[in-house]
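Below are the chains, spelled out letter by letter.
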Amino acid sequence: MDRLDQISKESDKIWTMVLDPKTEIGAVFYAIVTVVGAWLLARAIKLAIHRSLDRAEKAGADATGIRFLGKLASLVIYLAAFACYAHIIPGLQSLGKSMLAGVGVASVVVGLAAQSTLGNLIAGVSLVLYRPFKIGDRVQVSAPTGLETGLIVNIDLGYTLVRTADQRLLVIPNSNIASQSTINLSSLPPRTSCGVSVYVATGSDVARARQVLLDLAKAHPKIVSVDGCFVTRVTSRGVLLTLAAASADGDAAQGVKSDLLENAKKQFDAAGIRIV
């Protein structure tokens, strides 16, 4: 019995040391518990985020905000865990009190050092709230190499990632992309081609015919973009001119083509331009 009592007392003593945050063993124990607890909570949130993303993608909803908030929540969990650990361990409490005298200078130094990081984080939150673009959108942004066009592949806590057509990955700080003018090409209304092709007979003024087609397209109220008028074929009969234009109204595209051909014929006849 004496032996059992001794073992029991030793066991109680060890557990007392382990559960006492004032001892080194206790500090290590609480550190492990804090890290494991924070990791499990962050893991649970991550799994919940993945399930939410799956539901959002199936529903066709925008998952950009869910991804960003999931990463922000993980960061907050680890910061909160560290704050709780520092509050539990007396040694860290006394260390914090001893540093109060220099907290003013330290806060200025840390603030200056973290200014860019905090700015990127706040800019990331504003991008998610105001949603000028979302993951998967095609955008045109300013980069050190000039204007770049690509797809938004991720909006992280500090950076936005853009994948270009040649598979380069642009890593842009959130503060930069939030303060610059970004063109969201995915938000443009759908367009329907309403271009026409005209054979200009050999000997006729091709340059004059091209200008007539361009002027008609630019003046038409239902044409929203004119990309040019190109020579697409040359034969013994003449030159094939193809007008590249688009209308925002798909139902009106056929009528627009009819208007272009009819007015082009009138102006070609007036200018002495023969078509075949």
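Structure first, text after, so check above.
Not measured: the values here are computed from a predicted model.

### Section: the nonpolar core
Point 1. Of all hydrophobic cores here, the largest spans 21 residues; its most connected members are Leu213, Ile223, Leu243, Leu260 and Phe268.
Point 2. Looking at this core, the element that brings in the most residues is helix H8 (residues 206-219), giving 6 residues.
Point 3. What Leu260 contacts, discounting residues up to four positions off in sequence, is Cys194, Val196, Leu216, Ala217, Ile223 and Leu243.
Point 4. By size, the runner-up hydrophobic cluster in this structure holds 10 residues, among which are Val141, Ile155, Val162 and Leu170.

### Regarding the pattern of salt bridges
Point 1. This model, assessed by the stated rule, comprises 5 salt bridges.
Point 2. Across the salt bridge formed by Lys134 and Asp137, the nearest N and O atoms sit 3.3 Å from each other.
Point 3. Classification of Lys134 by relative accessible area gives partly exposed; the value is 34%.
Point 4. Classification of Asp137 by relative accessible area gives buried; the value is 7%.
Point 5. Two residues, Glu262 and Lys266, come together in a salt bridge whose shortest N-O distance is 3.7 Å. With Glu262 and Lys266 both in helix H9 (residues 253-271), this residue pair falls 4 residues apart, about one helical turn.
Point 6. Accessibility expressed as a relative area gives 51% for Lys266, which makes it exposed.
Point 7. In the salt-bridge network here, residues are joined through shared partners; they are Glu148, Asp166 and Arg168.

### Describing the pairing of strand E3 (residues 159-164)
Point 1. As defined by bridge partners, strand E2 (residues 146-155) adjoins E3 across 5 bridges and the pair is classed as antiparallel. When the sheet's bridge partners are listed, Ile155 is paired in E3 with Thr160.
Point 2. Between E3 and the antiparallel strand that follows it, strand E4 (residues 169-173), lie 4 residues; Gln167 among them carries a positive phi value of about 70 degrees.

The rules behind the values
- Residues numbered from 1 in each chain as written.
- Predicted model: local features only at pLDDT ≥ 70, side-chain atom pairs only at ≥ 80, totals over all residues.
- Heavy atoms only, no water.
- Core = buried A, V, L, I, M, F, W, Y, C linked by side-chain atoms within 4.5 Å.
- Buried < 20%, exposed > 50% of the residue type's maximum accessible area, 1.4 Å probe, protein only.
- Helix = DSSP H or I, 4+ residues; strand = E, 2+ residues; numbered from the N terminus.
- Contact = heavy atoms within 4.5 Å.
- Salt bridge = Lys/Arg side-chain N within 4 Å of Asp/Glu carboxyl O.
- Pairing = 2+ DSSP bridges.

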